[in-house]
Amino acid sequence: NNSKSSGAMARLGMIYFNGAYYEEAERAFQSAVDRGEKGDPDLWMPRRLLDWLPYRLGRYEEAARKFKRISKAGRGRNHYAHYWWARSIHKLGREDEAVKIYHQLIARAPYSFYAYLAQMRLEEVGRKANPPWRRQSQGPKPTITPALQPLESIGEFAKRYGDDLPLWEMIYGLIFIGETS
């Protein structure tokens, strides 16, 4: 239906996305982007999630290409894209290539949240990370589990304290896209 605005399609996409109807969300987001105009404030989230959806839909080769493009465009500052590029490559079974990308991330941004996640992934496959810091815990490997009502509780916390505690914004982002493993 061509009568729907880009904003309406973006909101419909979010409903689908939040309900884990990723294929429907992808179609709605693409429709929103196609109907929208450059600079439309309703389209920043659909554009961002269009880059994430191939990963959520198991299209890891496509996801790897998108995250690599985002990472390269940011000249190493898009730590999240670099991490998800490695995760996509890892999902494709190309462990050695993923390990190399994880190491690049740790070297470029050793104190970032995503460098910590990269270290965890390297440890899972029995590889050394060698960051300039060490995790204190020698106990069992940590498990990432979603919080109860994460979008409400962590989202509100991220809005309130995000400037002072950027880690909460990153956690919110991971929960928002549904990453729990």
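Next up on the list: the side chain of Ser6. Locating Ser6 in the fold gives a position in helix α1 (residues 6-18). Using a relative accessible area of 8% as the deciding quantity, one classes Ser6 as buried. Within the structure, the side chain of Ser6 is placed 2.9 Å from the side chain of Asp40, a separation counted as a polar contact.

Attention now moves to the nonpolar core. With 37 residues, the main nonpolar core has Phe29, Phe67, Trp84 and Tyr114 as its most contacted residues. Those elements that provide at least two residues to this core are α1, α2 (22-35), α3 (44-56), α4 (60-73), α5 (79-91), α6 (95-108) and α7 (113-124). Core analysis: the next-biggest nonpolar cluster, separate from the first, contains five residues, Met9, Ala28, Ala32 and Leu43 among them.

Helix length check: α6 (14 residues) gives 20 Å between terminal C-alpha atoms against 20 Å at 1.5 Å per residue, within 8%. Along α6, the residues classified as buried are Ala98, Val99, Ile101, Tyr102, Leu105 and Ile106. Seen from one end, α6 has its buried residues packed into an arc of 165°, which puts them on one side. Facing away from the buried side of α6 by more than 90 degrees, the exposed set consists of Asp96, Lys100 and Ala107. The secondary structure elements touched by the buried residues of α6 are α5 and α7.

Turning to the packing of α5 against α7, a few remarks are in order. To describe two helices that pack against each other, one gives the angle between their axes and the distance between the axes. Where α5 meets α7, the closest approach of the two axes is 9 Å, and the angle between their N-to-C directions is 20°. Looking at the two axes, α5 sits roughly parallel to α7. Considering the relative orientation of α5 and α7, their crossing is left-handed. Residue-level inspection shows His79, Tyr80, Tyr83, Trp84 and Arg87 of α5 in contact with α7, the latter providing Tyr114, Leu117, Ala118 and Arg121. Counted by class, the contact of α5 with α7 contains six nonpolar, one polar and two charged residues.

Turning our eyes to something else, we now look at unusual backbone geometry. Negative phi characterises most residues that are not glycine, and trans characterises most peptide bonds. Even without being glycine, Ala20 reaches a positive phi, approximately 65°. With a relative accessible area of 45%, Ala20 lands in the partly exposed category.

Attention now moves to α5. In an α-helix, one turn spans 3.6 residues, which is why side chains three or four residues apart end up on the same side. The end-to-end C-alpha distance of α5 is 18 Å, a good match for the 18 Å that 13 residues give at a rise of 1.5 Å each. Burial within α5 is extensive, with 11 of its 13 residues counted as buried. Restricting attention to buried positions, one finds in α5 the residues Tyr80, Ala81, His82, Tyr83, Trp84, Trp85, Ala86, Arg87, Ser88, Ile89 and His90. Of the residues trailing α5, Gly93 is marked for its positive phi of about 85°.

One way to put it is that α5 packs onto α6 with a least axis distance of 8 Å and a crossing angle of 165°. Regarding the angle of α5 to α6, the classification is roughly antiparallel. When you trace α5 past α6, the crossing you get is left-handed. Contacts between α5 and α6 involve His79, His82, Tyr83, Trp85, Ala86, Arg87, Ile89 and His90 on the former and, on the latter, Glu95, Glu97, Ala98, Ile101, Tyr102, Gln104, Leu105 and Arg108.

Criteria and thresholds
Residues numbered from 1 in each chain as written. Predicted model: local features only at pLDDT ≥ 70, side-chain atom pairs only at ≥ 80, totals over all residues. Heavy atoms only, no water. Helix = DSSP H or I, 4+ residues; strand = E, 2+ residues; numbered from the N terminus. Buried < 20%, exposed > 50% of the residue type's maximum accessible area, 1.4 Å probe, protein only. Polar contact = N/O pair within 3.5 Å; in protein donor to acceptor, adjacent residues only side chain to side chain. Core = buried A, V, L, I, M, F, W, Y, C linked by side-chain atoms within 4.5 Å. Expected span 1.5 Å × (residues − 1). Arc of directions from axis to C-beta. Contact = heavy atoms within 4.5 Å. Axes fitted to C-alpha atoms, helices over the stretch in contact; angles between N-to-C directions. Parallel < 35°, antiparallel > 145°, perpendicular 65-115°, else oblique. Left-handed = near helix turned anticlockwise from the far one by under 90°. Nonpolar A, V, L, I, M, F, W, Y, C, P; charged D, E, K, R; others polar.

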